[in-house]
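# A look at the structure
In case you want the letters, here they are:
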Amino acid sequence: MPKLPKTFYRRSDVNQIAKDLLGKVLVTHKGGQITSGIIVETEAYKAPEDSASHAHNYRRTARTAVMFADGGVAYVYLIYGMYALFNVITNQKGQPHAVLIRALQPLDGLELMRRRRAVESGGKNGKLTQGPGVLSRALGITLADSGSDLMGSEIWIEDCGVGVTACEISESKRVGIRVPEPYRSVPWRYSIKTNPWVSHPKPER
DNA sequence: CACGGGATCGTCT
DNA sequence: GACGATCCCGTGT
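Residues numbered from 1 in each chain as written. Chains lettered and ligands numbered in written order. Predicted model: local features only at pLDDT ≥ 70, side-chain atom pairs only at ≥ 80, totals over all residues. Heavy atoms only, no water.

### Things to note about the protein's contact with DNA strand B
Let me state the cut-off plainly: Proximity is defined per residue: any heavy atom of the residue falling within 4 Å of a molecule or strand makes that residue near it. Any pair of N or O atoms that falls within 3.5 Å is considered a polar contact. Within protein, one atom must be able to donate a hydrogen and the other to accept it, and sequence-neighbouring residues count only if both atoms are side-chain atoms. Nonpolar residues are Ala, Val, Leu, Ile, Met, Phe, Trp, Tyr, Cys and Pro. Charged residues are Asp, Glu, Lys and Arg, and all others, Gly as well, are polar.
Looking at DNA strand B, the residues that line it are Arg-59, Thr-61, Arg-63, Leu-78, Tyr-80, Gly-81, Met-82, Leu-143 and Lys-202. When the atoms of DNA strand B within 4 Å of the protein are grouped by moiety, sugar and phosphate amount to 71% of the total. A distance of 2.5 Å separates a sugar or linking oxygen of DNA strand B from a polar side-chain atom of Arg-59. Separating a base oxygen of DNA strand B from a backbone N or O atom of Tyr-80 is a distance of 2.3 Å. A breakdown of the residues in the surface near DNA strand B according to their chemical character gives 4 nonpolar, 2 polar and 3 charged.

Structure follows, in structure tokens:
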């Protein structure tokens, strides 16, 4: 299966890219082992204007520096001290757009994914890749992967020819966002309707 | 099923 | 020194 080309990531419409990523396959190759899953849920983050983005107003720190790279690299950050969330950086250099991958339908390497989950979650037993924190655990993605080139040999995204049409895409508010309107409520979360692997966030506070 | 709380640490003030 | 783009589990109904 072909890796998505750089041109896919370097387009300027991050919401379109977030929708286009549905149905694509996220793959990791670590320690000689492949694990992968079909992307079923994404969210778009559009700095500088998007106040929910880490790069709001071009905010640039050691952590966010990779968001300013040319599209086609990973941005991974730690949340709540325990989860490494995986994002794809899009657009051209200096335009810090990102797509958070929120859920996968497991595809290859099920055994390894289960093993990683068992180790890292203390034997806990939720779904493998339903949610941005646990999917990283299942695929072995860590903070060390931030900045990694998606054209490289450890993490990439493939087009396996599964099409997702506009009417199969559900739009909703992003999860866990507590910034002022309008960015608190923009419908920039995209998921495949009826896919059982889409996450079920808590009601917002 | 709804709700509440705890885990755990890098990042920024 | 506070907090977060999460997840899991215990409790009550």
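And the narrative resumes.
### Digging into unusual backbone geometry
So the rule is basically this: Secondary structure counts use DSSP, requiring at least four H or I residues in a row for a helix and at least two E residues in a row for a strand, with both numbered from the N terminus.
Along the chain, Ala-47 connects to Pro-48 via a cis peptide bond; the corresponding omega equals 10°. The step from Glu-181 to Pro-182 runs through a cis peptide bond, and the omega angle for that step is 5°. Phi angles above zero are rare outside glycine, and Tyr-58 is one such case at about 60°. Of note, Tyr-58 is situated in the loop between strand E2 (33-46) and strand E3 (74-79). Although it is not a glycine, Thr-194 sits at a positive phi angle of roughly 70°. The topology assignment puts Thr-194 in the segment after strand E8 (189-192).

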